[in-house]
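So you can see what is in the structure, the chains are spelled out below.
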Amino acid sequence: MRFSNLVTALTALSGAKAAAAVGDERDQLVKRASLTQVQNFGDNPSGIKMFLYVPDNLPENPAVVLVLHACAWTAEAFFGTTRYGQLADEHGIVLIFGQTPNDGDCWDVSSDQTLTHDGGGDSTGLANMVRYALDEYNGDPSRVFVTGESSGAMMTQVMAAVYPDLFAAASEFSGEPAGCFYTGTVRGWNSDCAGGQIQHTAEEWAATVRDMYPGYDGEYPRMQVFHGDVDTILHVNSFNESVKEWSGIFGYDGTPLETLENNPGASLTKYIYGDRLQGIWGHGIGHVVPTNETEALTWFGIL
Ligand SMILES: *[C@@H]1O[C@H](CO)[C@@H](O)[C@H](O)[C@H]1NC(C)=O
Ligand SMILES: *[C@@H]1O[C@H](CO)[C@@H](O)[C@H](O)[C@H]1NC(C)=O
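The chain carries the name Carboxylic ester hydrolase in an unreviewed UniProt entry, which gives Corynascus novoguineensis as its organism. Note on the chain: under the UniProt heading Sequence similarities (unreviewed entry), the record states "Belongs to the carbohydrate esterase 1 (CE1) family." Listed in UniProt under the heading Function (unreviewed entry), the comment for the chain reads: "Esterase involved in the hydrolysis of xylan, a major structural heterogeneous polysaccharide found in plant biomass representing the second most abundant polysaccharide in the biosphere, after cellulose."

Printed below as a string of structure tokens:
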């Protein structure tokens, strides 16, 4: 799978999702605020873009949620097809929608810079968006979360690995384990990872994660991983590899303690590996398992 195929596949998906949203009741809800670009949010070495949604009624110490689009998407498009805006209005959350430097770009999940704490890549810019939002809106530093689809899901795992000090929990829809896409180049395409050929033990994956922020000895964010069992763009093996990675970090043995059928919805099975890790396997679902905003915000403890 070449990068251009992924873009084509995801562009098609984007059209389908937009069409499906037409006539949906969510469109009749009026957004009370609007998505606004913020220019100077801090050090931004890779030139990524920050968009912010701040509801009119904000609690004193709001939670902050970073939302990351797939390749070939924009912040505005992803914002428009998800329910995060309405949920932010209802629950008083600050939303940050990141956007890659050029339309069509994927997130950088492959360079040394992005895979290093304050290393100067996309991850640094995203961390500075979070720091900016916390400062500006008196956000609650213990309730900062990250989520995304596809490339944004890979970046979600990278943010959890590179900035465990910032995030309390993460929810990703059809990504890859942090570090799996490493190529040593910016926005590289790792076909071995995408093809399911990179497999490690839980200990090896955990060491990869810890190397991204050497010396950090605090807690890592709780992790929720979605993947479809007929995904042909990011191989189905990535589900187990992600589960191994975070099991290694949390000291779990990687076998489910609990299995919940049709959870959180039809065709989905939820495996609970421990308090800090769950995996949701989509039956007959390809790339991507669609974002479930309610489930992500429930995992974050907001709903
Ligand atoms: C994932 O791991 C489970 C056991 O934990 C195994 O039954 C399953 O076949 C694995 N899936 C893949 C795609 O390797
Ligand atoms: C999304 O998650 C909620 C629970 O958090 C569940 O009630 C709902 O059915 C899910 N939607 C889908 C489409 O799976």
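(A) Representation of the site of ligand 2 in the model. The immediate surroundings of ligand 2 are formed by Pro-264, Gly-265, Leu-268, Asn-292, Thr-294 and Glu-295. Asn-292 is positioned with one of its side-chain polar atoms (N or O) 2.4 Å from an oxygen atom of ligand 2. The contact in question runs from an oxygen atom of ligand 2 to an N or O atom on the side chain of Glu-295, over 2.7 Å. Here ligand 2 has 360 Å² of accessible area as a free molecule, and 48% of this is covered by the chains.

(B) Broad picture of the pairing of strand 6 (residues 169-173). Most of strand 6 is tucked away, with five of its five residues classed as buried. As defined by bridge partners, strand 5 (residues 144-149) adjoins strand 6 across five bridges and the pair is classed as parallel. By the bridge assignment for strand 6, Glu-149 is matched with Phe-173. Regarding topology, helix 5 (residues 151-162) serves as the crossover connection from strand 5 to the parallel strand 6, and that connection is right-handed. Summarising the sheet, strand 6 and strand 7 (residues 222-228) pair through five bridges and their orientation is parallel. Its bridge partner being in strand 7, Ala-169 is matched across the sheet by Arg-222.

(C) How the structure looks around helix 8 (residues 237-250). Between its first and last C-alpha, helix 8 extends 20 Å over 14 residues, near the 20 Å set by a 1.5 Å rise per residue. Buried residues dominate helix 8, accounting for 10 of its 14 residues. For helix 8, every residue scored as buried is listed here: Ser-238, Phe-239, Glu-241, Ser-242, Val-243, Glu-245, Trp-246, Ser-247, Ile-249 and Phe-250. Those residues of helix 8 that are buried are in contact with helix 5, helix 7 (202-211), strand 7, strand 9 (268-274) and strand 10 (277-282). Immediately downstream of helix 8, the backbone of Gly-251 shows phi near 75°, a positive value.

(D) Spotlight on unusual backbone geometry. A cis amide bond, omega 5°, links Asn-263 with the succeeding residue Pro-264. Tracing the sequence through the fold places Pro-264 in the loop between strand 8 (258-261) and strand 9. Residue Val-288 follows His-287 across a cis peptide bond; omega there is 5°. Locating Val-288 in the fold gives a position in the loop between strand 10 and helix 9 (293-299).

(E) Local environment of the packing of aromatic side chains. With the rule as written, the count across this model stands at 14 aromatic pairs. Between Tyr-53 and Phe-79, the ring centres sit 5.1 Å apart and the planes meet at 40°, which makes this aromatic pair tilted. Of this pair, Tyr-53 sits in strand 2 (residues 49-53) while Phe-79 sits in helix 2 (residues 75-81), placing them 26 residues apart in sequence. In this pair, the class of Tyr-53 matches that of Phe-79, namely buried. An aromatic cluster of three or more residues is present, and its members are Tyr-213, Tyr-216, Tyr-220, Trp-246, Phe-250 and Tyr-252.

Definitions and cut-offs
Residues numbered from 1 in each chain as written. Chains lettered and ligands numbered in written order. Predicted model: local features only at pLDDT ≥ 70, side-chain atom pairs only at ≥ 80, totals over all residues. Heavy atoms only, no water. UniProt positions renumbered as here; feature names shortened; annotations may be inferred. Near = heavy atom within 4 Å. Polar contact = N/O pair within 3.5 Å; in protein donor to acceptor, adjacent residues only side chain to side chain. Areas by Shrake-Rupley, 256 points an atom, 1.4 Å probe, with all protein chains shown as cover. Buried < 20%, exposed > 50% of the residue type's maximum accessible area, 1.4 Å probe, protein only. Helix = DSSP H or I, 4+ residues; strand = E, 2+ residues; numbered from the N terminus. Pairing = 2+ DSSP bridges. Right-handed = clockwise from strand over helix to strand, strands pointing away. Expected span 1.5 Å × (residues − 1). Contact = heavy atoms within 4.5 Å. Phe/Tyr/Trp six-rings, centres within 6.5 Å; stacked < 30°, edge-to-face > 60°.

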